[in-house]
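Understanding the architecture of this molecule
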Amino acid sequence: MRYGDFTPFDIILLLQGLGVSLALFVSTTLIGIVIGTAWAVIRFYRVPVLMQLVTFIAELLKNSPVLVQLFLVFFGLPAFLKINVTPTEAAVITLSGNSAAFIYVIAVSAIESVGRDQIEAARVFGLTRWQILRRVIAPQATAFAIGPLTGLLVNQVQVTSLISVIGVMDLTKVGNILNLRTLKPFLVWTAVGLLYYLTAKLVTYAGARFEKRLRAHTAWKGL
Amino acid sequence: MISITGLRKSFGAATVLNGIDLEIRQGEVVSVLGSSGSGKSTLIRCINGLEKIDAGKITVDNFDVSKPRELSEARKRSGTVFQLFNLYPHMTAVQNVALAPIEVLKVPRKQAEAEARELLHSVGLTERADAYPSQLSGGQRQRVGICRALAMKPSYLLLDEVTSALDPEMTSEVLSILAKLAKGGTTMVFVTHEIEFARSISSRIAFLDKGQLIADLPTEDFFSATGMALPRVAQFLSKMRKD
Amino acid sequence: MKFDLSILAKHIPFLLEGAWLTLHACALAVVGSLVLGLVIGAMRTSASPLLNRLAAVYIDIFRNIPFIVQLFFFYFGLPEIGIYIDAFTTGVVALSIAGGAFTSDVIRSGILAIDPGVIEAAQVSGLRKITIFRKIILPIALRASVRPLGSVFINLILTSSILSTITLNELTGSAKIVASNTFRPFEVYFVLLVAYAALTYAVSILIGMLHRYLNRHQEEGAV
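Cut-offs applied
- Residues numbered from 1 in each chain as written.
- Chains lettered and ligands numbered in written order.
- Predicted model: local features only at pLDDT ≥ 70, side-chain atom pairs only at ≥ 80, totals over all residues.
- Helix = DSSP H or I, 4+ residues; strand = E, 2+ residues; numbered from the N terminus.
- Buried ≥ 20, exposed ≤ 12 C-beta atoms within 10 Å, placed from the backbone.
- Contact = placed C-beta atoms within 7 Å.
- Nonpolar A, V, L, I, M, F, W, Y, C, P; charged D, E, K, R; others polar.
- Pairing = 2+ DSSP bridges.
- Core = buried A, V, L, I, M, F, W, Y, C linked by C-beta atoms within 7 Å.
- Axes fitted to C-alpha atoms, helices over the stretch in contact; angles between N-to-C directions.
- pLDDT = per-residue confidence, 0-100.
- Parallel < 35°, antiparallel > 145°, perpendicular 65-115°, else oblique.
- Left-handed = near helix turned anticlockwise from the far one by under 90°.
- Expected span 1.5 Å × (residues − 1).
- Arc of directions from axis to C-beta.

Check the secondary structure of chain A and you find eight helices and zero strands. Each helix and strand of chain A, ordered N terminal to C terminal, gives the series α-α-α-α-α-α-α-α. Its C-alpha atoms give chain A principal-axis dimensions of about 75 × 50 × 20 Å. Across the 223 residues of chain A, 39% fall into the buried class. Across chain A, every contact between residues at least 6 apart in sequence was considered, and the portion connecting residues at least 24 apart equals 75%.

A word on the overall build of chain B. Each helix and strand counted, chain B has ten helices and ten strands in total. Judged by the C-alpha coordinates and their principal axes, chain B covers about 55 × 40 × 35 Å. When the 243 residues of chain B are sorted by exposure, 49% land in the buried category. When contacts within chain B are restricted to residue pairs at least 6 apart in sequence, those whose partners lie at least 24 apart make up 64%.

Moving on to the interface of chain C and chain A. Listed per partner, the contact involves 28 residues of chain C and 32 residues of chain A. Those elements giving two or more residues to the side of chain C that touches chain A turn out to be α3 (67–80), α8 (171–182) and α9 (185–214) of chain C. A per-element tally of the side of chain C that touches chain A places α9(C) first, with ten residues. Of the residues that constitute the side of chain C that touches chain A, the class distribution is 21 nonpolar, six polar and one charged.

Residues and elements named next belong to chain B. With respect to topology, four strands assemble into an open sheet ordered β2-β1-β4-β5, the strand pairing being antiparallel. Looking at which strands have only one partner, the edges of the open sheet turn out to be β2 (14–24) and β5 (63–64). Sheet topology note: the strand β1 (residues 2–11)/β2 ladder contains eight bridges and is antiparallel. Within β2, the residue paired with F11 across the bridge is A14.

Time to look at the nonpolar core. One finds L70(A), V97(B), L120(B), C147(B), V189(B) and Y189(C) to be the most contacted residues of the largest nonpolar core, which totals 193 residues. Of all the elements, helix α4 (residues 87–113) of chain A adds the most residues to this core, at 13 residues. Residues contacting Y189(C), with those up to four places away along its chain left out, are V68(A), F71(A), L72(A), F75(A), G76(A), A175(C) and A179(C).

All names here are of chain B. Pairing is mixed in the open sheet, where six strands are placed in the order β6-β7-β8-β3-β9-β10. Edge positions in the sheet fall to β6 (78–81) and β10 (212–218), since each of these pairs with one other strand and no more. In this sheet, adjacent strand axes meet at a mean angle of 15 degrees when their direction is disregarded. Inspection of the sheet shows strand β9 (residues 204–209) paired to β10 by six bridges, in the antiparallel sense. Among the inter-strand pairings, L208 is bridged to a residue of β10, identified as L213. Across the face of the sheet, helix α1 (residues 40–47) comes into contact with β3 (29–33), β6, β7 (156–160), β8 (187–191) and β9 while running at roughly 140 degrees to β8.

By a widely used convention, the size of an interface equals the accessible area lost when the partners come together. If you look at the interface, chain B gives 20 residues, while chain C gives 20 residues. If you list the elements that add at least two residues to the side of chain B that touches chain C, you get α2 (68–77) and α3 (93–103) of chain B. Broken down by class, the residue content of the side of chain B that touches chain C amounts to ten nonpolar, seven polar and three charged.

With that settled, consider the confidence of the model for chain B. Residue and element names in this part refer to chain B. Residues with a pLDDT of 70 or more make up 100% of chain B, whose mean pLDDT is 91. Helix α10 (residues 231–242) is the least confidently modelled element of chain B, averaging 85 in pLDDT, while α3 averages 96, the highest of any element. ipTM for the predicted complex: 0.91, alongside a pTM of 0.85.

Glancing now at the arrangement of the chains. Between chains A and C lies the most contact-rich interface of the two pairs of chains that touch. The two units chain A and chain B never meet; even their closest C-alpha atoms stay 30 Å apart.

One non-glycine residue, K82(A), adopts positive backbone phi at about 55 degrees. Relative to the helices and strands, K82(A) is located in the loop between α3 (66–81) and α4. Backbone geometry places K210(B), a non-glycine residue, at a positive phi of 45 degrees. Here K210(B) is to be found in the loop between β9 and β10. Judged by local crowding, K210(B) falls into the partly exposed class, with 15 C-beta atoms found within 10 Å.

Once that is clear, we can look at the environment of F207(B). Residue and element names in this part refer to chain B. Structurally, F207 can be placed in strand β9. For F207, a count of 24 C-beta atoms within 10 Å corresponds to the buried category. For F207 and S78, which are 129 residues apart along the polypeptide, the C-alpha to C-alpha distance reads 22 Å. Not counting chain neighbours up to four residues away, the residues in contact with F207 comprise L33, G34, I214, A215 and V233.

Time to look at the packing of α3(A) against α4(A). Working note: a packed helix pair is described by the angle between its axes plus the distance between those axes. All names here are of chain A. Close contact between α3 and α4 brings their axes to 9 Å; oriented N to C, the two are set at 135 degrees. Looking at the two axes, α3 sits oblique to α4. In this structure, the crossing between α3 and α4 has a hand that is right-handed. Where α3 abuts α4, its residues V66, Q69, L70, V73 and F74 lie against P87, A90, I93, T94, G97 and N98. Taken together, the residues of the contact of α3 with α4 break down into seven nonpolar, four polar and no charged.

The next subject is helix α2 (residues 50–62) of chain A. All names here are of chain A. Here α2 spans 18 Å end to end across 13 residues, near enough to the 18 Å set by a 1.5 Å rise per residue. Within α2, burial applies to V54, A58 and L61. Down the axis of α2, the smallest arc covering the buried residues is 65 degrees, so these residues share one side. Every exposed residue of α2 that faces more than 90 degrees away from the buried side is listed here: Q52 and F56. Those residues of α2 hidden inside the fold are in contact with α1 (9–44), α3 and α4.

Next comes the structure, spelled out in structure tokens:
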């Protein structure tokens, strides 16, 4: 075996990278859903100051490159606050924030998709704002949000690839290493691309399945 | 001459036209009547090649519309006016009318637009020539639609329920233009619900029922004893008059 | 540590040079993705099953693989097959190809939204297919697509920051250099983030104006 050739171990390396990408994708998506939804609730309750702040932050995050956000957290924060930020921490913070911004937008329009008249009707029945949010809005808004959310998640899978730039050992970073060692860029990046592609397809498929199940629940079943 | 022989057309399991034979000679105004769903509009859409026919033959001045090479010649000879106008929304009235002459007949733009203005003037749209379709009323839009068809100087004008999307006032402004054209000798195939108007301008009436041509008579015969002798025609006429 | 922007003052000309490169690359990529998007979008709506399928595969691939992976594929791969082009050209090509996939999707839905009756009217008046596409389909579809195309182009600007990973000193690349020279990464990346947000905001305003201008006759009571 010549130095620079592919070894069977490379497959494990690629799968490890994929694992890191997936782990970061799943964890930051969950954090993003929590934060993004919380922001949307702040807007729903029209909390003064906080509401404007949230809108501003979301706009800023949506309209700037993730790579720059990543640099700000990874290089900027340690220098500014004199703290230590590992690549993984920077990745988690940035990706969560970025997901939150986009999920916030989806959540807001999902809440708005539930008609005002329904909310007023619920109020007439004496439900509190919190009850309205939980019992009336949340179930319908979730069904509405699944479609756009799936689209977002497919995108977020791809966004995770940027953390390779600050040295996180994700799938793209593994691709970089293999590329430098084997000097077979077409093969390496095709393999890496294929793994991302399959992941994206899996997310799309899961989203469609989930949406179908949710719709089956809410569909009119007859008397 | 438009010649239709043994025309059959079905959409899936539904047979819409089932063996139609019809000839339309230069100078004739033929109204096609029949209840909704009788296949009237499909007949027009077969003549101008918008629908592929299943069997039979349609020729326009001997050009076979089912042959791609001949279809464009056939289309040059016929102009179509649509129920829903189908104007090009991004072009002014003049541009709508002048487009085909410029692109198909290679008329110089200036000349084509001057002719378009003339046509629009003849239908009372002198002032609206540079308006966009969205700025026109339904009746005005349909008048532009008629000009667009006429701009190609077609031998035959195919009119597909051109007034059914219009309210009565606008209907009469469009019909008066058609009456003028008929008097001027334009050959027309006129699919319509406007029975009285059809009677006043047509030389012949073709009556379709469930995809079959059950009457093809000179207008005066159709509306007299000969037509009334056909039960479906009698039924149709009495129903339409009641409405 | 205090937040001090004055330190950046003398680096502004250098950063502006980077910004100019970003705009240059994006302008070319916008043209490139429009051209590709039109071709692929037309193929995607064509009657030929083969063209249709090819276009669908193109869109599927380039929408589901991270841009950075596509970029590395071209940047490291092309020299491998004897094509030596500089980082700038590679970046523009990669941006155009990826942007083309998104653009074609927009164009496709713009085309599908056209009233079929309008196209039929053009057909029966004897216009040739290519004329119908140029004079009727394209102008109508493009007018309807200004806003969604604008989002695609804004995304293109944000994505162009990734070109910094292939040694191109566009806006993000120049900022990286300034950050390491001044040891002020927080200030640099914060300004960069705001700069991108301002840039995309300006572009979105221009797009809104373009949309209103192109659709000025379609406002009132269109059918």
